[in-house]
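Here is how the chains run, residue by residue.
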Amino acid sequence: MEKILLYQTEQSTEIILKFIVALALAFMCQFATAETVPVKYHGVVSLDAFACADVSDSSDVTRICYDKAERYMVIRLKTTYYHYCEIDAATVQGLRGASSKRTFFESRIRGSGSDGPFDCRTHPIPKKYRK
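Note that the structure is a prediction, hence the values are computed from the model and not measured. (Residues numbered from 1 in each chain as written. Predicted model: local features only at pLDDT ≥ 70, side-chain atom pairs only at ≥ 80, totals over all residues. Heavy atoms only, no water.)

Engineer: Any chance you could break down the overall build of the protein chain for me, citing the residues and the numbers?
Structural biologist: Helix and strand counts for the protein chain stand at three helices and six strands. Secondary structure elements in the protein chain, listed N-terminal to C-terminal, are α-β-β-β-β-β-β-α-α. Total accessible area computed for the protein chain in this model is approximately 8,800 Å², and 58% of it derives from carbon and sulfur atoms. (Helix = DSSP H or I, 4+ residues; strand = E, 2+ residues; numbered from the N terminus. Areas by Shrake-Rupley, 256 points an atom, 1.4 Å probe, with all protein chains shown as cover.)

Engineer: Describe the state of the cysteines, with residues and values.
Structural biologist: In this structure the tally under the stated criterion is two disulfides. Put simply, cysteine 52 and cysteine 65 are joined by a disulfide, and their sulfur atoms are 2.2 Å apart. For the disulfide bridge between cysteine 52 and cysteine 65, the dihedral angle about the S-S bond is near 120°, and by the sign convention the bridge is right-handed. Of this pair, cysteine 52 sits in strand E3 (residues 51-54) while cysteine 65 sits in strand E4 (residues 61-67), and the two are 13 residues apart along the sequence. A relative accessible area of 33% places cysteine 52 in the partly exposed class. In this structure cysteine 65 comes out as buried when scored by relative accessible area, which is 0%. The residue that forms a disulfide with cysteine 85 is cysteine 120, at a sulfur-sulfur distance of 2.0 Å. With the S-S dihedral at roughly 100°, the linkage between cysteine 85 and cysteine 120 falls on the right-handed side. (Disulfide = S-S within 2.5 Å. Buried < 20%, exposed > 50% of the residue type's maximum accessible area, 1.4 Å probe, protein only.)

Engineer: Account for the packing of aromatic side chains, naming residues and giving values.
Structural biologist: In this structure the tally under the stated criterion is four aromatic pairs. Each ring, one from phenylalanine 50 and one from tyrosine 72, has its centre 5.9 Å from the other, and the planes form 55°; the classification is tilted. Here phenylalanine 50 is found in the loop between strand E2 (43-46) and E3, whereas its partner tyrosine 72 is found in strand E5 (residues 72-77), with 22 residues between them in sequence. Among the residues examined, phenylalanine 50 registers a relative accessible area of 10% and is labelled buried. Ring geometry for tyrosine 84 against phenylalanine 105: centres 5.6 Å apart, planes inclined by 85°, an arrangement best described as edge-to-face. In this pair, tyrosine 84 is assigned in strand E6 (residues 80-85) and phenylalanine 105 in helix H3 (residues 101-108), connecting sequence segments 21 residues apart. Accessibility assignment for this pair places tyrosine 84 and phenylalanine 105 in one class, buried. Following the ring pairs from residue to residue traces out a cluster consisting of Phe50, Tyr72 and Tyr129. (Phe/Tyr/Trp six-rings, centres within 6.5 Å; stacked < 30°, edge-to-face > 60°.)

Engineer: Before we move on, could you go through the nonpolar core and cite the residues and values that matter?
Structural biologist: Membership of the largest hydrophobic core comes to 17 residues, with the highest contact counts inside it found for Ile64, Met73, Ile75, Tyr84, Leu95 and Ile109. Mapped onto this core, the elements with two or more residues apiece are E4, E5, E6, helix H2 (89-97) and H3. For isoleucine 109, the residues in contact, after removing those within four places along its chain, are Met73, Tyr84, Ile87, Thr91, Leu95, Phe104, Pro117 and Phe118. Counting residues in hydrophobic clusters, the runner-up holds 13 residues, among them Val39, Phe50, Val74 and Tyr81. (Core = buried A, V, L, I, M, F, W, Y, C linked by side-chain atoms within 4.5 Å. Contact = heavy atoms within 4.5 Å.)

Engineer: Outline the packing of H2 against H3, listing residues and values.
Structural biologist: With their axes 8 Å apart at the nearest point, H2 and H3 run at an angle of 150° to one another. Here H2 is positioned roughly antiparallel relative to H3, judged by the angle of their axes. Side by side, H2 and H3 meet where Thr91, Gly94, Leu95 and Arg96 of the first sit next to Lys101, Phe104, Phe105 and Arg108 of the second. When grouped by side-chain class, the residues that make up the contact of H2 with H3 number three nonpolar, two polar and three charged. (Axes fitted to C-alpha atoms, helices over the stretch in contact; angles between N-to-C directions. Parallel < 35°, antiparallel > 145°, perpendicular 65-115°, else oblique. Nonpolar A, V, L, I, M, F, W, Y, C, P; charged D, E, K, R; others polar.)

In structure tokens form, the structure reads like this:
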């Protein structure tokens, strides 16, 4: 009789532990969702593969996010996000380190209106970010 009670207690303990572990995993998954941002002229982009940095100086450039593997940058100008394609890491690093990010952005990244060195209208958007 003692063996049966001991076995039932062990089974109950195992079930409770499995339930607690499952509950903890479900709770952690709620916080694992990636940040997404609306990119003008494109749509929503998930930033899970990006390295992002907020810009705190007095600039129109307020955030720079870069996916090095895809050579794809999302940048926030004031409150609006824009994207740039086939942009190399050295250019993004130059932007991040520039004393005037707006001047660097205007002269080295932004296009003239219909095209630019990294304009996603004339450079392909990486497949994983296409809509």
